[in-house]
Amino acid sequence: MPLSPGLCVEGYEFIAQVGQGAVGEVWRARDVKLERFVAIKVLSGPFASDPEGLLRFQREAQLLASLDHPGIAGIYGTLDVEGTPALVLEFVDGPTLAELIERGPVPLDDAIPIALQIATALEAAHEAGVVHRDLKPANIKVRP
């Protein structure tokens, strides 16, 4: 199922693909009703029809919903995008940590606050019993 800009699903207008991972695509979308930007993570490939992949996707939604921390993107709900499950998430603007690192060494005055924010978010997740199994610079957004 190819997604494209302009697609509207349940009050969300898809604007542009902003990421692609092993299990899905992430799109920037506009919540037409609330007039805000959101991220929509759509399950793709074999995971979209695999019962185990669907179960993992549902668990991810439930785990995200159990977390409340400024360093962890919030979840707003779930969607069905042309028969494929999707998560509606807080849109975090800015580069990923991987993109910052690609530009060259991150100045210490910038690196320390980033590291502290990551550590406090991980602490909050761990206190809630959640372990992030794919933590890497490409999965960390850095706000301007």
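Calculation rules
- Residues numbered from 1 in each chain as written.
- Predicted model: local features only at pLDDT ≥ 70, side-chain atom pairs only at ≥ 80, totals over all residues.
- Heavy atoms only, no water.
- Helix = DSSP H or I, 4+ residues; strand = E, 2+ residues; numbered from the N terminus.
- Rg over C-alpha atoms; globule rule 2.2 N^0.38 Å.
- Buried < 20%, exposed > 50% of the residue type's maximum accessible area, 1.4 Å probe, protein only.
- Contact = heavy atoms within 4.5 Å.
- Areas by Shrake-Rupley, 256 points an atom, 1.4 Å probe, with all protein chains shown as cover.
- Lys, Arg positive; Asp, Glu negative; His and termini not counted.
- Charge placed at Lys NZ, Arg CZ, Asp CG, Glu CD.
- pLDDT = per-residue confidence, 0-100.
- Expected span 1.5 Å × (residues − 1).
- Arc of directions from axis to C-beta.

Caption draft 1: Geometry of the overall build of the protein chain. When its secondary structure is counted, the protein chain shows three helices and six strands. Moving toward the C terminus, one meets the helices and strands of the protein chain in the order β-β-β-β-α-β-β-α-α. Relative to the compact-globule value of 15 Å for 144 residues, the protein chain shows a C-alpha radius of gyration of 16 Å, a close match. Counting across all 144 residues of the protein chain, residues that qualify as buried make up 33%. Put simply, of all contacts in the protein chain between residues at least 6 apart along the chain, 47% involve residues at least 24 apart. Carbon and sulfur atoms provide 56% of the accessible area of the protein chain, an area that totals close to 8900 Å². Between the averaged position of the 12 positive side-chain charges in the protein chain and that of its 20 negative side-chain charges there is a distance of 1 Å.

Caption draft 2: Region of the structure containing the confidence of the model for the protein chain. Chain-level pLDDT for the protein chain is 91 on average; 99% of the residues reach the 70-or-more range. Per-element confidence in the protein chain ranges from a low mean pLDDT of 86 for helix α1 (residues 51-65) to a high of 96 for helix α2 (residues 97-102).

Caption draft 3: Representation of the side chain of T96. Mapping T96 onto the fold places it in the loop between β6 (84-90) and α2. Beyond its immediate sequence surroundings of up to four residues, T96 is in contact with P137, A138, I140, K141 and V142.

Caption draft 4: Summary view of α1. Helix length check: α1 (15 residues) gives 21 Å between terminal C-alpha atoms against 21 Å at 1.5 Å per residue, within 8%. Here α1 has its buried residues at G53, F57, A61 and L64. Buried residues along α1 cover an arc of 85° about the axis, so they all sit on one side. Residues of α1 that are exposed and point more than 90 degrees away from the buried face comprise P51 and E52. Its buried side turned inward, α1 meets β4 (36-43), β5 (75-81) and β6.

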